[in-house]
Amino acid sequence: MSLGKTWYTVEEATEKFGVAQEQLLKWVSEGIIRTEKETGQKMLINGDDLALRLQEQTGI
């Protein structure tokens, strides 16, 4: 269970994780990263999914 912040806006996620917005949105469209969006609000990216994807990509 994550104790820190888990959900990020696209802008926050690109800044925190250093991933290009285009790549991030591609992973979202492929279903690799979960998102949440309520009517009238910005899309939120699951930071745990993103961290796992980056770990798989880099082996770190």
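Residues numbered from 1 in each chain as written. Predicted model: local features only at pLDDT ≥ 70, side-chain atom pairs only at ≥ 80, totals over all residues. Heavy atoms only, no water.

Colleague: Where do I start with the nonpolar core in this structure?
Modeller: In a soluble, globular protein the nonpolar side chains are often hidden away together inside. Listed in full, the 11 residues of the largest apolar core are Y8, V10, A13, V19, L24, W27, V28, I33, I45, L50 and L54. Where this core is concerned, the elements lending two or more residues are α1 (10-17), α2 (21-29) and α3 (47-58). With 3 residues, the top contributor of residues to this core is α2. Sequence-distant contacts of A13, that is, excluding residues within four places in its chain, are made with Y8, G18, L24, I45 and L50. (Core = buried A, V, L, I, M, F, W, Y, C linked by side-chain atoms within 4.5 Å. Buried < 20%, exposed > 50% of the residue type's maximum accessible area, 1.4 Å probe, protein only. Helix = DSSP H or I, 4+ residues; strand = E, 2+ residues; numbered from the N terminus. Contact = heavy atoms within 4.5 Å.)

Colleague: What exactly am I supposed to notice about the packing of aromatic side chains here?
Modeller: To describe a pair of aromatic rings, one takes the distance between the centres and the angle between the planes. For the coordinates displayed, the defined rule picks out 1 aromatic pair. Relative to F17, the ring of Y8 has its centre 5.7 Å away and its plane inclined at 90°; by these criteria the two rings are edge-to-face. Classification of Y8 as buried rests on a relative accessible area of 9%. The ring of F17 has K16 lying over it, and the distance from NZ or CZ to the ring centre is 5.8 Å. (Phe/Tyr/Trp six-rings, centres within 6.5 Å; stacked < 30°, edge-to-face > 60°. Lys NZ or Arg CZ within 6 Å of the ring centre and 35° of its normal.)

Colleague: Even after reading the chapter, I still don't get the pattern of salt bridges, so can you show me in this structure?
Modeller: Two side chains of opposite charge can pair, provided their charged atoms sit close to one another. Following the criterion strictly, the structure yields 4 salt bridges and no others. Among the salt bridges present, the one from E30 reaches K26, with a minimum N-O distance of 4.0 Å. On the basis of relative accessible area, E30 is assigned to the partly exposed category, the value being 45%. A salt bridge links E56 to R53; the shortest N-O distance between them is 3.8 Å. (Salt bridge = Lys/Arg side-chain N within 4 Å of Asp/Glu carboxyl O.)

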